Amino acid sequence: MASLTKAMCVVFIAAVLVAAVAPAAEAAVGCGTVISYLAPCLPYVSNRGPLGNCCGGVQGLYGAAKSTADRQAICGCLKSLIGSYSGINTGKAAGLPKQCGLNIPYKISPSTNCATVR
């Protein structure tokens, strides 16, 4: 439990740093929002637990992405979060949308070019 709390702190700090240095955009969805929606997914993508309530968060985040700017901002946050925490199983993270019955217009990966997301 302590390592999960530590991991969440690392993810939160990384998201705050990304939000602080990211250029201002028209996006209404910030990294804090992404973290809030996806917090239930952390045990699953870090191989520490079941899928659980993760799909509710994934679907909520999908619904919050109303514009191209939102989708690009979410992509950037996901990319940064995956790259900043070595305990994340990138295969599981990339598979979350499909696992939750969604089709998103980009791959969740540290190598995704978020500028091309529409």
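Just so we're clear, the structure is a prediction, and the values are computed from it rather than from any experiment.

Notes on the environment of Leu81
Part 1: Looking at the element boundaries, Leu81 is found in helix H5 (residues 68-84).
Part 2: Overall, the relative accessible area of 10% leaves Leu81 in the buried class.

Details of the state of the cysteines
Part 1: This model, assessed by the stated rule, comprises four disulfides.
Part 2: Put simply, Cys41 and Cys54 are joined by a disulfide, and their sulfur atoms are 1.9 Å apart. Of note, the bridge from Cys41 to Cys54 carries an S-S torsion of about 95° and is right-handed in sense. With a gap of 13 residues between them, Cys41 in the loop between helix H2 (31-38) and helix H3 (42-45) and Cys54 in helix H4 (residues 54-64) connect regions that are remote in the sequence. Of the two residues, Cys41 and Cys54, both sit in the buried class.
Part 3: Here Cys75 is linked by a disulfide to Cys114, with a sulfur-sulfur distance of 2.1 Å. Torsion about the S-S bond of the Cys75 and Cys114 cystine: about -75°, corresponding to left-handed handedness. Within this pair, whereas Cys75 is found in helix H5, its partner Cys114 is found in the segment after helix H6 (90-99), the two being separated by 39 residues in sequence. Considered together, Cys75 and Cys114 belong to a single accessibility category, that of buried residues.
Part 4: Taken in N- to C-terminal order, the disulfide-linked cysteines of the protein chain are connected 1-6, 2-3, 4-7, 5-8.

Quick notes on the side chain of Ser109
Part 1: Its location among the elements puts Ser109 in the segment after H6.
Part 2: Looking at Ser109, its side chain comes within polar contact range of the side chain of Ser111, at 2.9 Å.
Part 3: When residues no more than four places from it in sequence are discounted, the contact partners of Ser109 are Lys79 and Ile82.

Observations concerning the layout of surface pockets
Part 1: One number sums up the size of the largest pocket: a volume of about 470 Å³.
Part 2: Leu38, Leu61, Leu78, Leu96 and Ile108 are, among the 26 residues lining the largest pocket, the residues nearest its centre.
Part 3: If you list the elements that add at least two residues to the lining of the largest pocket, you get helix H1 (2-21), H2, H3, H4, H5 and H6.
Part 4: Top element by residues in the lining of the largest pocket is H5. It accounts for five residues.
Part 5: Of the residues contributing to the lining of the largest pocket, the split by class is 25 nonpolar, no polar and one charged.

Rules behind the numbers
Numbers given for residues are sequential positions, taken from 1 along each chain in its written order. In view of the model being predicted, local features appear only for residues whose pLDDT reaches at least 70, and side-chain atom pairs are presented and counted only at 80 or more, with totals across whole chains, interfaces and linings using the full set of residues. As a convention, hydrogens and water are excluded, and side-chain values are obtained from all of the structure's heavy atoms. Helix and strand definitions follow DSSP, with helices as H or I runs of at least four residues and strands as E runs of at least two, each counted in order from the N terminus. In this scheme, a residue with accessible area under 20% of its type's maximum is buried, one over 50% is exposed, and one in between is partly exposed, where area comes from a 1.4 Å probe on protein chains only. Note on terminology: disulfide denotes any pair of cysteine sulfur atoms within 2.5 Å. Here a polar contact is recorded for every N or O atom pair within 3.5 Å, except that within protein the pair must consist of a potential hydrogen donor and a potential acceptor, and residues adjacent in sequence are included only if both atoms are side-chain atoms. Any two residues whose heavy atoms approach within 4.5 Å at even a single point are treated as in contact. Buriedness for pockets is judged along seven lines, at least five of which must meet protein on both sides within 12 Å for an open set on the 1 Å grid over protein atoms alone, while cavities are sets there where a 1.4 Å probe fits but cannot get out, and lining residues have an atom within 4 Å of a point. Grid points are joined across faces, edges and corners, and a volume is the space filled by probe spheres set on the points. Residue polarity is assigned by list, with Asp, Glu, Lys and Arg as charged and Ala, Val, Leu, Ile, Met, Phe, Trp, Tyr, Cys and Pro as nonpolar; anything else, Gly included, falls into the polar class.

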